[in-house]
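# Descriptive structure summary
Listed below are the residues making up each chain.
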Amino acid sequence: MRRSQESAFREFAAARMGHLFRSACLLTSGDTYLAEDLVQETLGRMYVVWGRSKLGNPAAYAQTVLVRVFLAHQRRRSAGERPSDEIPEVSETAAQGDASLRLMLLDALRQLPAKDRAVVVLRYWEDRSVTETADVLNVSSAAVRTRSTRALARLRVQLGGNIGEFAAH
């Protein structure tokens with residue numbers, strides 16, 4: 001990679017790393033260590049293609065890569081790993097705001113299947129359209145709508161009613 005391309009990649013990575021990390025934290029239901037690994041893998045894959053191809057929207061492509069890396073990790077998760085009921089320690093910057101609400105939402109997200117979680121994060125955190133979400137996940141638009149409806153219904157049950165009440169906080 002040429003110096004100018006490497007410099008452009010470094011600028012891109014520095015600018016997008018925070019956003020990618022927040023998305024990864026949502027995908028992993030607050031597992032900051034795994035989120036860091038996913039962001040690192042995403043940026044590594046972005047670096048490989050950065051100089052070879054023209055990326056029309058590198059930020060959107062990075063989000064797509066992040067979701068696909070997350071889903072691949074979920075598929076190949078080692079049999080030795082066991083999910084935990086305990087939320088890992090959170091840094092002080094992540095603890096700002098309403099911590100109990102954040103923990104409740106992360107716990108509710110953790111209980112969703114990986115693909116449903118990915119749909120919720122893409123549709124409602126990333127504010128992507130049904131079509132864009134379907135493209136990222138390589139599924140049909142109908143599958144995204146179905147997963148979205150089911151995931152939101154599960155979240156409503158887990159959170160005890162109207163999710164809109166939590167958005168008002």
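Here the structure is shown first, and the text comes after it.
About the thresholds
- Residues numbered from 1 in each chain as written.
- Predicted model: local features only at pLDDT ≥ 70, side-chain atom pairs only at ≥ 80, totals over all residues.
- Heavy atoms only, no water.
- Axes fitted to C-alpha atoms, helices over the stretch in contact; angles between N-to-C directions.
- Helix = DSSP H or I, 4+ residues; strand = E, 2+ residues; numbered from the N terminus.
- Parallel < 35°, antiparallel > 145°, perpendicular 65-115°, else oblique.
- Left-handed = near helix turned anticlockwise from the far one by under 90°.
- Contact = heavy atoms within 4.5 Å.
- Nonpolar A, V, L, I, M, F, W, Y, C, P; charged D, E, K, R; others polar.
- Buried < 20%, exposed > 50% of the residue type's maximum accessible area, 1.4 Å probe, protein only.
- Lys, Arg positive; Asp, Glu negative; His and termini not counted.
- Salt bridge = Lys/Arg side-chain N within 4 Å of Asp/Glu carboxyl O.

This part is about the packing of helix 4 (residues 99-110) against helix 7 (residues 141-159). One way to put it is that helix 4 packs onto helix 7 with a least axis distance of 10 Å and a crossing angle of 130°. As summarised for this structure, helix 4 and helix 7 are arranged oblique, according to the angle between their axes. Crossing geometry of helix 4 relative to helix 7 is assigned as right-handed. On the side of helix 4, the interface is formed by M104, L105, A108 and L109, while helix 7 contributes L155, Q158 and L159. Residues of the contact of helix 4 with helix 7, tallied by class, amount to 6 nonpolar, 1 polar and no charged.

So, about the side chain of R128. Structurally, the position occupied by R128 is in the loop between helix 5 (114-125) and helix 6 (130-137). No salt bridge is formed by the buried R128, whose closest oppositely charged neighbour, E126, lies at an N-O distance of 4.8 Å. Filtering out sequence-adjacent residues up to four positions away, R128 remains in contact with A60, Q63, T64, L122, R123, T133 and V136.

Our next topic: unusual backbone geometry. At S29, a position not held by glycine, the phi torsion is positive, near 60°. Within the secondary structure layout, S29 lies in the loop between helix 1 (3-27) and helix 2 (32-50). In this structure, D127 takes a positive phi of about 60° despite not being glycine. Relative to the assigned elements, D127 resides in the loop between helix 5 and helix 6.

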